[in-house]
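So you can see what is in the structure, the chains are spelled out below.
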Amino acid sequence: MSGTRSDGELLRAIAADRDRRAFEELYRRYAPWLAARLRGRCADPAMVDDVVQETFLAVWRGKAHYRQEGDVAGWLWRIGARRLIDALRGDGARGRLRQALARLRHRDEASAEERVLSGVEHGDLAGALTRLSPELRAVLQATVIDGLTTREAAVLLDIPPGTVKTRALRARKQLREALA
């Protein structure tokens, strides 16, 4: 086959034929991107590397099934984010400490998502988002952009699930008021 294969073609070849070259191509295409996103959530580079490996092992072993919906990057991110949550849960207090350190390290650093959202020129959404507190933006990022459940966002942000729900409601209310 000549040329670069699409993500869908790669995934079909991996699932149907256990095509090692397709897997390697998918890995080269997405592993650096996934690792960069996970580093924004976890200060431990070894844990990030493990999560990236676990994510792609799930794809290789057929434990993660792509349903031909949405983009492959988003699908891989959901797998990776859940694997990170599992790793942090298993790490107990050390995991919470790493998360706290990661939040401190990146406090003044805008994530890629925040930079994209800040550049939105549709209405005054960018301004409304920047006026949200960091806590409310973090909940929106976890639940809306990253697509995590309330429980997963709670683990990732190290807050109770009820707090995730309350902050999400407050953030949406503030955005509606700002955009009205």
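About the thresholds
- Residues numbered from 1 in each chain as written.
- Predicted model: local features only at pLDDT ≥ 70, side-chain atom pairs only at ≥ 80, totals over all residues.
- Heavy atoms only, no water.
- Phe/Tyr/Trp six-rings, centres within 6.5 Å; stacked < 30°, edge-to-face > 60°.
- Helix = DSSP H or I, 4+ residues; strand = E, 2+ residues; numbered from the N terminus.
- Buried < 20%, exposed > 50% of the residue type's maximum accessible area, 1.4 Å probe, protein only.
- Lys NZ or Arg CZ within 6 Å of the ring centre and 35° of its normal.
- Contact = heavy atoms within 4.5 Å.
- pLDDT = per-residue confidence, 0-100.
- Expected span 1.5 Å × (residues − 1).
- Arc of directions from axis to C-beta.
- Axes fitted to C-alpha atoms, helices over the stretch in contact; angles between N-to-C directions.
- Parallel < 35°, antiparallel > 145°, perpendicular 65-115°, else oblique.
- Nonpolar A, V, L, I, M, F, W, Y, C, P; charged D, E, K, R; others polar.

### So, the packing of aromatic side chains
Working step 1: All told, the structure shown has four aromatic pairs when counted by the stated rule.
Working step 2: With centroids separated by 6.3 Å and ring planes inclined at 80°, the aromatic side chains of Phe-23 and Phe-56 adopt a geometry described as edge-to-face. One end of the pair, Phe-23, is in helix α2 (residues 20–39); the other, Phe-56, is in helix α3 (residues 45–60), with 33 residues separating them in the sequence.
Working step 3: Take Phe-23: its relative accessible area is 16%, and that puts it in the buried class.
Working step 4: Residue classification places Phe-56 among the buried residues on the basis of a relative accessible area of 1%.
Working step 5: In this arrangement the basic side chain of Arg-37 is found over the ring face of Trp-77, its NZ or CZ atom lying 4.1 Å from the centre.

### Looking at the environment of Ala-128
Working step 1: Secondary-structure assignment places Ala-128 in helix α6 (residues 125–131).
Working step 2: Along the primary structure Ala-128 and Glu-177 are separated by 49 residues, whereas in three dimensions their C-alpha atoms are 9.0 Å apart.
Working step 3: Among residues more than four places away in sequence, those in contact with Ala-128 are Leu-175, Ala-178 and Leu-179.

### A look at the confidence of the model for the chain
Working step 1: Here the chain averages 79 in pLDDT, and 73% of its residues register 70 or above.
Working step 2: Model confidence for the chain, summarised as mean pLDDT per element, is weakest for helix α5 (residues 112–118) at 49 and strongest for α2 at 93.

### Comments concerning helix α9 (residues 161–179)
Working step 1: Across its 19 residues, α9 extends 27 Å between first and last C-alpha, which sits within 8% of the 27 Å expected from 1.5 Å per residue.
Working step 2: Listing the buried residues of α9 in full gives Val-164, Ala-168, Ala-171 and Leu-175. Along the axis of α9, the buried residues cluster in a sector spanning 65°; they form a single face. Of the exposed residues in α9, those oriented more than 90 degrees away from the buried face are Lys-165, Leu-169, Arg-176 and Glu-177.

### Some remarks on α3
Working step 1: In this model α3 runs 23 Å from its N-terminal to its C-terminal C-alpha over 16 residues, within 8% of the 22 Å that 1.5 Å per residue would give.
Working step 2: Looking at α3, one finds that the buried residues are Met-47, Val-48, Val-51, Val-52, Thr-55, Phe-56, Ala-58, Val-59 and Trp-60.
Working step 3: Of the residues trailing α3, Gly-62 is marked for its positive phi of about 80°.

### Some details on the packing of helix α7 (residues 134–145) against α9
Working step 1: Where α7 meets α9, the axes come as close as 9 Å, and the angle between the chain directions of the two elements is 100°. On the basis of their axis angle, the class for α7 and α9 is roughly perpendicular. Where α7 abuts α9, its residues Glu-135, Leu-136, Val-139, Leu-140, Thr-143 and Val-144 lie against Val-164, Arg-167, Ala-168, Arg-170, Ala-171, Arg-172, Gln-174 and Leu-175.
Working step 2: Residue composition of the contact of α7 with α9, grouped by class: eight nonpolar, two polar and four charged.

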